[in-house]
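Each chain, written out:
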Amino acid sequence: MSLYDDAIRVLEEYDGGQAELRQTYLDHLADRPDGVWKACRDGHITASALVVDPARERVLLTLHRKLGRWLQMGGHCEPGDTALADAALREATEESGITGLTLLPGGPVTLDRHAIPAPCHWHLDVQYAALAAPDAAPAISDESLDLRWFGYAEVEDVADASVVRLLERTRARL
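Note that the coordinates shown come from a computational prediction; the quantities given were computed from them, not determined experimentally.

Cut-offs applied
- Residues numbered from 1 in each chain as written.
- Predicted model: local features only at pLDDT ≥ 70, side-chain atom pairs only at ≥ 80, totals over all residues.
- Heavy atoms only, no water.
- Helix = DSSP H or I, 4+ residues; strand = E, 2+ residues; numbered from the N terminus.
- Buried < 20%, exposed > 50% of the residue type's maximum accessible area, 1.4 Å probe, protein only.
- Contact = heavy atoms within 4.5 Å.
- Pairing = 2+ DSSP bridges.
- Polar contact = N/O pair within 3.5 Å; in protein donor to acceptor, adjacent residues only side chain to side chain.
- Salt bridge = Lys/Arg side-chain N within 4 Å of Asp/Glu carboxyl O.
- Phe/Tyr/Trp six-rings, centres within 6.5 Å; stacked < 30°, edge-to-face > 60°.

## A look at the side chain of Asp6
Part 1 of the argument: Among the secondary structure elements, Asp6 is positioned in helix H1 (residues 3-13).
Part 2 of the argument: A residue is classified by how much of its surface remains accessible, and Asp6, at 3% relative accessible area, is buried.
Part 3 of the argument: Residue contacts for Asp6: discarding those within four places in its chain leaves Met1, Thr82, Ala83 and Leu84.

## Concerning the pairing of strand E6 (residues 110-115)
Part 1 of the argument: As defined by bridge partners, E6 adjoins strand E7 (residues 122-131) across six bridges and the pair is classed as antiparallel. Each bridged residue has a counterpart across the sheet, and for Leu111 the counterpart in E7 is Val126.
Part 2 of the argument: Where E6 folds back on E7, the antiparallel hairpin that results is connected by six residues.

## Observations concerning the side chain of Ser96
Part 1 of the argument: Topologically, Ser96 is positioned in helix H3 (residues 84-96).
Part 2 of the argument: In this structure Ser96 comes out as buried when scored by relative accessible area, which is 0%.
Part 3 of the argument: Within the local environment of Ser96, its side chain forms a polar contact with the backbone oxygen of Ala92, the two atoms lying 2.6 Å apart.
Part 4 of the argument: A polar contact is formed between the side chain of Ser96 and the backbone nitrogen of Ile98, at a distance of 3.1 Å.

## Some details on the pattern of salt bridges
Part 1 of the argument: Counting across every chain of the model gives 11 salt bridges.
Part 2 of the argument: A salt bridge links Glu13 to Arg9, with the shortest nitrogen-to-oxygen separation between them at 3.0 Å. Taken together, the residues span about one helical turn, with Glu13 and Arg9 both in helix H1 at a distance of four residues.
Part 3 of the argument: Looking at Glu13, the relative accessible area reads 54%, which means it is exposed.
Part 4 of the argument: With its nearest N and O atoms 3.5 Å apart, the salt bridge here joins Arg58 to Asp53.
Part 5 of the argument: Overlapping salt bridges bring together Glu78, Asp81, Arg90, Glu91 and Glu94 as one network.

## Things to note about the packing of aromatic side chains
Part 1 of the argument: All chains considered together, the criterion is met by one aromatic pair.
Part 2 of the argument: Seen in terms of ring centroids, Trp70 and Phe150 are 4.9 Å apart; in terms of plane orientation they differ by 75°. Their pairing is edge-to-face. Of the two residues, Trp70 sits in strand E3 (residues 70-71) while Phe150 sits in strand E8 (residues 144-151), which places them 80 residues apart along the sequence. There is no split in this pair, since Trp70 and Phe150 are both buried.

This is the structure in structure tokens:
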């Protein structure tokens, strides 16, 4: 199965109460066979994961180098990716430096469509959540200015509404 086919399957099966946004993603893919790739200038699917500590009390956020904001780990799909879940897990591992992450069962936690700087227009992010192993040792990647664990109550003070929403949905799933 190709990444494109997997994206359609994941979105068709997604039951997160975001029917209109989900349909926007599906329409995007129907109109753009390259809609999972960064080269698609009209916007493209991305995959991310909120990393939760083993005690389920904190989340790991990255201070994004280009955007200067605290965000979950995530980014563009790559040619070797065959599934959105794998792309989210790969991105979370690369950006957090933590091996052995495990995605929460049940597929994506939420969807978030957000504008991005030119030349592209939109990221259609499929957002997962991942649990870190007890021996998790985060390491800052080249894409980050900083990497830090935040207690659930602290996230609203440092992150935007999309990250807060992702945390709320993740906590409901936990």
